[in-house]
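Single-letter residue listing:
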Number of protein chains: 2
Amino acid sequence: MATILILGAGVMGTALAVPASDNGHRVLLAGTPLDAVPVARMKAGGIHPKLGAPLAGTVTILTDEELGPEHAEAADLIVVGVSSPGIVWAVDRLNGLLGREKPVAFVTKGLDREGDRVVTYAETLPPRIAGMQSFIGIGGPCIARELAERYPTSSIYASCDRVAADFAAGLMRTPYYRLASSEDVTGVEACAALKNFFAIGVSTMQTRYPDRLRADGQSKNPTAAAFNQAAQEMALLCERIGGSRASAFDLAGIGDLHVTVGGGRNSRLGHGLGLGRTVSDVMSGELAGETVEGIDTARIVGSLLRQIENAETRLPLATAITSAVMDGGTLAFDFDRI
Amino acid sequence: MATILILGAGVMGTALAVPASDNGHRVLLAGTPLDAVPVARMKAGGIHPKLGAPLAGTVTILTDEELGPEHAEAADLIVVGVSSPGIVWAVDRLNGLLGREKPVAFVTKGLDREGDRVVTYAETLPPRIAGMQSFIGIGGPCIARELAERYPTSSIYASCDRVAADFAAGLMRTPYYRLASSEDVTGVEACAALKNFFAIGVSTMQTRYPDRLRADGQSKNPTAAAFNQAAQEMALLCERIGGSRASAFDLAGIGDLHVTVGGGRNSRLGHGLGLGRTVSDVMSGELAGETVEGIDTARIVGSLLRQIENAETRLPLATAITSAVMDGGTLAFDFDRI
């Protein structure tokens, strides 16, 4: 039995407590200041408001105030389960908590600029967190609610320290939470961010070309064409960021893109764009106040595209998504560009 | 303006007449003996019974009896649009028709055994057809009805004679029918057959793990995990058959798998299996008398698996689909095998 400290009691952090506790580990689940409602409810024995399944009684729920260095000290593995706006909190807390070196696994994803380069959390976080033994990135197709309800789910744990990736995957793997490991941490991190971005474009095709003869109202050829185009462009961008093309064609790339298209906020933005609406209109309408991670990624991808020769020809889908986000306009992607 | 002869007036052959005639080519569309009903209807100016769009008036419809060597002689490109049961007819007619060498593009897909080897039509058809200048394989995500209605569609034309592939793609490409070309004809042919097989397994997951909170009633993590697993196994089998892994991660592989899951007969078989039914039960029930191409492919894949060391561990999804088809039983795939 190990001790696993999870930072963030949002849907993903809380969902990860399920396989961890099913494996018999001691689980400490610590909420951010924004998790006050779910933390209070779970402390009272209730269910996370956005998840359908209760946690095991062996999971200890902690508020931000209760979380202390003794919890990090006891942990064999720390998992950061916050979404991207929570990463500042997580880095700050880790710096205050970590007395000696621990492996830390991150579900949180994001791209950033470092001078001319586009970099992932695998590059930016290690220098910012003293006491992190190894950085492990978690990617792959995982809707938190489904994991919490123990639907079969595949993910990939990546670290340039393969032993650390295998150690973390070994603690978390269950019969329903199937885990691969990889050394291509930059590639897994890049794809995990890029899939949100490309899901906007692929989801656009689901509503742009309706088919009244289908139960779901969607034609299938345009979406499949866009899915394949997204996979090819993701592989090219992943390589540019320093990862391996192979990661784009595996769990963190095509696997996660598959699940992200048709569900979630990136996809809802795409569905609006497919109806001819603008990014500004959708973001000030039904998505007002929501974090759409593909939008932040689009801004970074824009700077990457400017460095790639003939980007408009080689990456027409990425170019169209980026332009729509930058202008707040419509998604002007035409299939004759591919 | 070129002349394009299409053999087979089923849904796919007829749909291909749409981009061909939109490009201003003279199109000769010849039905097999089984196409008597759609041929009669289209000759009378009507619409193919399974397609929603009329053909251009410039398309000449021919019965099997009317088709003669003069039509092959006039053709710059011949396209074989029959489904797999029609390939014997097409080969027979080509041998009777071809006076001088012509490029022939095939939509028809199938795997076969040659001694110990598993081979595609790219290997078996050229020696059987005198007068075929070059064999071109057509792959990619293309539902015929959607192509006929000019929904954006991507496909790939492959030939070891790249000039021939580019020539054929050049004649057929339109603003809505987007065509790539490839020299990996064995890989494209292998994937185009394998995708039907794997679609059975991926579609099984759509009904096996229902989610009442979704509009379509389907959970998403298991299907995405199976889709990714299918892509990896398809790449391995494609390589074994003599193709390139890259073809599995492009239009003929993941692109076509995407469109095949959730629509068509292979998928309907999978949906039945997901409900715990047997292959025999579904095939003698709602699919009685129908050609489910993934079933024929499964028999060939079975012989391939027997040649691969640790196939059960390395190819658990292919193993499970093959076993179900061989026994006529249920699909016993458990995620803890991946």
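Residues numbered from 1 in each chain as written. Chains lettered and ligands numbered in written order. Predicted model: local features only at pLDDT ≥ 70, side-chain atom pairs only at ≥ 80, totals over all residues. Heavy atoms only, no water.

Caption draft 1: Focus on empty space enclosed by the protein. Residue and element names in this part refer to chain A. Tallying each qualifying case throughout the model produces one cavity of 30 Å³ or more. In this structure, the largest cavity is lined by Thr14, Ala15, Val18, Met42, Ile47, His48, Leu51, Ala53, Leu55 and Ala148. Looking at which element gives the most residues to the lining of the largest cavity, the answer is helix 1 (residues 11–22), with three residues. (1 Å grid on protein atoms, 1.4 Å probe; cavity = no way out; pocket = protein on both sides within 12 Å on 5 of 7 lines; lining within 4 Å. Points joined across faces, edges and corners; volume = space filled by probe spheres on them. Helix = DSSP H or I, 4+ residues; strand = E, 2+ residues; numbered from the N terminus.)

Caption draft 2: Molecular detail of the packing of helix 8 (residues 185–208) of chain B against helix 9 (residues 221–241) of chain B. Residue and element names in this part refer to chain B. Two elements in contact, helix 8 and helix 9, have axes separated by 9 Å at closest approach and are oriented at 155 degrees. When the axis of helix 8 is compared with that of helix 9, the two are roughly antiparallel. With respect to the hand of their crossing, helix 8 and helix 9 are arranged in right-handed fashion. Across the interface between the two elements, Thr186, Gly187, Ala190, Cys191, Leu194, Lys195, Phe198, Val202, Met205 and Gln206 of helix 8 pack against Pro222, Thr223, Ala226, Phe227, Ala230, Glu233, Met234, Leu237, Cys238 and Ile241 of helix 9. (Axes fitted to C-alpha atoms, helices over the stretch in contact; angles between N-to-C directions. Parallel < 35°, antiparallel > 145°, perpendicular 65-115°, else oblique. Left-handed = near helix turned anticlockwise from the far one by under 90°. Contact = heavy atoms within 4.5 Å.)

Caption draft 3: Up close: the environment of Tyr177 of chain A. All names here are of chain A. Counting through the fold element by element, Tyr177 comes out in strand 10 (residues 177–182). Taking the C-alpha atoms as reference points, Tyr177 and Leu269, 92 residues apart in sequence, are found 29 Å from one another. Setting aside chain neighbours within four positions, we find Tyr177 in contact with Leu16, Pro19, Ile138, Leu147, Thr153, Ser155, Tyr157 and Met172. Here Tyr157 takes part through its side chain, which lies 3.0 Å from a polar atom of the side chain of Tyr177. (Polar contact = N/O pair within 3.5 Å; in protein donor to acceptor, adjacent residues only side chain to side chain.)

Caption draft 4: Fine view of unusual backbone geometry. Positive phi values are uncommon outside glycine, yet Asn310 of chain A reaches one of about 55 degrees. Note on placement: Asn310 of chain A falls in the loop between helix 14 (293–305) and helix 15 (311–314).

Caption draft 5: A look at the domain arrangement of chain A. All names here are of chain A. Domain assignment breaks chain A into domain 1 (3–183) and domain 2 (186–337). Contacts between the two partners involve 30 residues from domain 1, matched on the other side by 22 residues from domain 2. Across the domain 1/domain 2 interface, buried area totals approximately 1,900 Å², and carbon plus sulfur atoms make up 66% of it. Among the residues domain 1 hides against domain 2, the three largest losses belong to Lys109, Leu111 and Val118. Together they make up 31% of the total. Summed over the shared surface of domain 1 and domain 2, the number is one salt bridge. Of the charged contacts in the structure, one is a salt bridge between Glu189 and Lys109, with a shortest N-O distance of 2.8 Å. Counting across the domain 1 and domain 2 interface gives four residue pairs in polar contact (both at pLDDT 80 or more). The set of elements that each furnish at least two residues to the side of domain 1 that touches domain 2 consists of strand 6 (111–114), strand 7 (117–120), helix 5 (121–124), strand 8 (132–139), strand 9 (153–158) and strand 10. Here the residues of the side of domain 1 that touches domain 2 sort into 14 nonpolar, eleven polar and five charged. (Domains from an automatic or database assignment. Buried area = accessible area lost by both parts, 1.4 Å probe. Salt bridge = Lys/Arg side-chain N within 4 Å of Asp/Glu carboxyl O. Nonpolar A, V, L, I, M, F, W, Y, C, P; charged D, E, K, R; others polar.)

Caption draft 6: Examining the sheet that holds strand 3 (residues 59–62) of chain A more closely. Residue and element names in this part refer to chain A. Taken in spatial order, the eight strands make up an open sheet running 3-2-1-4-5-8-9-10, and their pairing is mixed. Edge positions in the sheet fall to strand 3 and strand 10, since each of these pairs with one other strand and no more. On average, adjacent strands in this sheet sit at an angle of 25 degrees to one another, irrespective of strand direction. Relative to strand 3, strand 2 (residues 26–30) is paired through four bridges, and the arrangement is parallel. Looking across to strand 3, one finds that Leu28 is bridged to Thr60. Across the face of the sheet, helix 7 (residues 162–172) comes into contact with strand 1 (3–7), strand 4 (77–80), strand 5 (102–106), strand 8, strand 9 and strand 10 while running at roughly 175 degrees to strand 10. Seen against the sheet, helix 8 (residues 185–208) touches strand 5, strand 8, strand 9 and strand 10 and runs at an angle of roughly 45 degrees to strand 8. (Pairing = 2+ DSSP bridges.)

Caption draft 7: The packing of aromatic side chains, seen in detail. Under the definition given, this model contains twelve aromatic pairs over all chains. Aromatic pair Phe106 of chain A and Phe135 of chain A: ring centres 5.0 Å apart, planes at 15 degrees, arrangement stacked. Of the two residues, Phe106 of chain A is situated in strand 5 and Phe135 of chain A in strand 8; the sequence distance between them amounts to 29 residues. Assessed through its relative accessible area of 0%, Phe106 of chain A is described here as buried. Here Phe135 of chain A falls in the buried class, since its relative accessible area comes to 6%. The interplanar angle of 25 degrees and the centroid separation of 5.3 Å between the aromatic rings of Phe249 of chain A and Phe249 of chain B together place this pair among those described as stacked. Here Phe249 of chain A is found in the loop between helix 10 (245–248) and helix 11 (251–260), whereas its partner Phe249 of chain B is found in the loop between helix 10 (245–248) and helix 11 (251–260) on a different chain. Of the residues examined, Phe249 of chain A reaches a relative accessible area of 7% and is grouped as buried. (Phe/Tyr/Trp six-rings, centres within 6.5 Å; stacked < 30°, edge-to-face > 60°. Buried < 20%, exposed > 50% of the residue type's maximum accessible area, 1.4 Å probe, protein only.)

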